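Observations on the three-dimensional arrangement
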Amino acid sequence: MPAAVYLGDGDIAVRELDVPDLEPDQVLVEVSHCGICGTDLHLVLERYARPNSVLGHEWAGTIAAVGADVHGWEIGARVVQNPTPGCGECRACRRGRSSVCLRREPPDLLAWTSGAFCRYKVVPSARLLRVPDGLTTRAAALTEPTAIAIHTVNLSGVTADDRVLVTGAGPVGLLTTAVLKARGIDDVTVSEPAPRRRERARAVGAARVITPDELARPPMGRPVPEPYTTAFECSGNAAAAEAAFDHLDYAGTLVFVGTGHDMPRINHNRAIVLELSIIAAYNYDIEGFGPALELLASGKLPLDALIEPDDVLLDDLLDTMHRLAAGELPGKVMVRPETRS
Ligand SMILES: [Zn+2]
Ligand SMILES: [Zn+2]
C-alpha cells in the first residue's frame, strides 16, 4: 500500500509498505481522508518525528476486512476510531477527565508508527464508531479535532454571557470559533495577523476580527477598557498568549490550546490582582468522539469553511505542510491516501 513515510531531517517520501496484518479482534480500514494536524507540522518541520514513522491521526475510512472474532461490524461500514477510555476509578477519571487517566500508559508523544497518511490501518473493533448517515466520510475526518474543540469549550465553562477572545485563526482557532458559535456563544473576537485567516474566521462565526496590534498593552493592575471573560489561545505564539492573558477581565480564564516553541511570560501580579485562571486543554471529553460526530452531522458547523476545498495526495503532503506552516491555507487540509501515478 502507498504511505507517506517520514524519512528524518524534515523529509517525507511516498513508499510502498505491506498492508498491516489483521488480528482476530481487529478490522482493516481503508482510509478515506486524513487531516493534517498542527502536531504533524511540529513533528515533521521541527524534526521531532522518528524516522520511518507514518504520521496522521485525524482520519475516517471504510471497513475493508473484518477479523474472525469481530461481531457487529461489516465490510463497507464507515468508521472513525474512538479514543481509549480511562479506568473510571482514578482521581482524573472521577473528575470526568478520563483522557488524562492516571493509569493509562504514559504518552509517548513521538510514537506515531502507524498513522493514517497511508491506504490501510488496523483498528481494534471495540474502538470503532459508526459515521452517521448525514455526514460524508471526508468530513468525518474532522471528528478528532472537533472532539478537541468541544473538550476545550467544555473545560472553559464558557456560557452565552461571556465575551470571548480567540487568538490564532488556523485550523484549531477556526474549529474552536465554530464550536463556540454552534453552542450559542455569539460574542467571539478572533485576533489573527493573516488577512486570509481573518476572513475565514468571520466565515466560521466570529463576530469581530482584529489584528494582534489591536490588543494594546493593558494598564497596570486593572482590566483594559473592553476586556474578555475567556480567551482561547490557539496560535501557539508566545506574544499572542501574553496579549490574551493581558486582555482578560476580573476572574477571567485563559485556555491554552495551541502548542508552540517559545514560552510566554505571564505577569503573575496581574493574575493575582484580577484573580485570573489559566487552564489548558489537550484531548477529549469522557464521552469520546460521539458528541463530535453528532455535531458534525447536525449541520451546525460550516464544514466548507473549516475544510480546504482541495484535497492533497500523499505525494504533496510535505509541500502542503510547508504551505500550512506559512499560513497560506487557513482551513483543515485533507489528505487522500493515493499517489499521482
Ligand atoms: Zn491532531
Ligand atoms: Zn483513570
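Structural data are supplied above this passage.
Anyway, here's the lowdown on the structure attached to this text. (Residues numbered from 1 in each chain as written. Chains lettered and ligands numbered in written order. Predicted model: local features only at pLDDT ≥ 70, side-chain atom pairs only at ≥ 80, totals over all residues. Heavy atoms only, no water.)

1. Some details on the side chain of Asp 162
If you trace the backbone, Asp 162 turns up in the loop between helix 4 (143-156) and strand 8 (164-167). The buried charged residue Asp 162 lacks any salt bridge, with Arg 163 as its nearest oppositely charged partner at 10 Å. Here the side chain of Asp 162 touches Thr 229 through a polar contact of 2.7 Å, side chain to side chain. Dropping the residues within four chain positions of it, Asp 162 is found in contact with Gly 157, Asp 187, Thr 229 and Thr 230. (Helix = DSSP H or I, 4+ residues; strand = E, 2+ residues; numbered from the N terminus. Buried < 20%, exposed > 50% of the residue type's maximum accessible area, 1.4 Å probe, protein only. Lys, Arg positive; Asp, Glu negative; His and termini not counted. Salt bridge = Lys/Arg side-chain N within 4 Å of Asp/Glu carboxyl O. Polar contact = N/O pair within 3.5 Å; in protein donor to acceptor, adjacent residues only side chain to side chain. Contact = heavy atoms within 4.5 Å.)

2. Structural notes on the packing of aromatic side chains
In this structure the tally under the stated criterion is one aromatic pair. Consider the rings of Tyr 284 and Phe 289, whose centres lie 4.9 Å apart with planes at 85 degrees: the pair is edge-to-face. Judged by its relative accessible area of 14%, Tyr 284 falls in the buried class. Residue Phe 289 is classed as buried on the basis of its relative accessible area of 5%. Its guanidinium or amino end placed over the ring of Tyr 228, Arg 163 lies 4.5 Å from that ring's centre, counting from NZ or CZ. (Phe/Tyr/Trp six-rings, centres within 6.5 Å; stacked < 30°, edge-to-face > 60°. Lys NZ or Arg CZ within 6 Å of the ring centre and 35° of its normal.)

3. Digging into the sheet that holds strand 11 (residues 228-233)
Across the sheet, which stays open at both edges, the six strands sit in the order 10-9-8-11-12-13 with parallel pairing between neighbours. Of all strands in the sheet, those with a lone pairing partner are strand 10 (208-210) and strand 13 (277-280), marking the two edges. Put simply, the sheet's adjacent strands are angled 20 degrees from each other on average, direction ignored. With five bridges joining them, strand 11 and strand 12 (residues 248-256) adopt parallel strand pairing. Bridge assignment links Tyr 228 to a residue of strand 12, and that residue is Leu 248. (Pairing = 2+ DSSP bridges. Axes fitted to C-alpha atoms, helices over the stretch in contact; angles between N-to-C directions.)

4. Here we look at unusual backbone geometry
Despite not being glycine, Asn 52 has its phi angle at roughly 75 degrees, a positive value. Of note, Glu 275 is a non-glycine position whose phi angle comes to about 50 degrees, a positive value. Take Glu 275: it is sitting in the loop between helix 8 (268-274) and strand 13.

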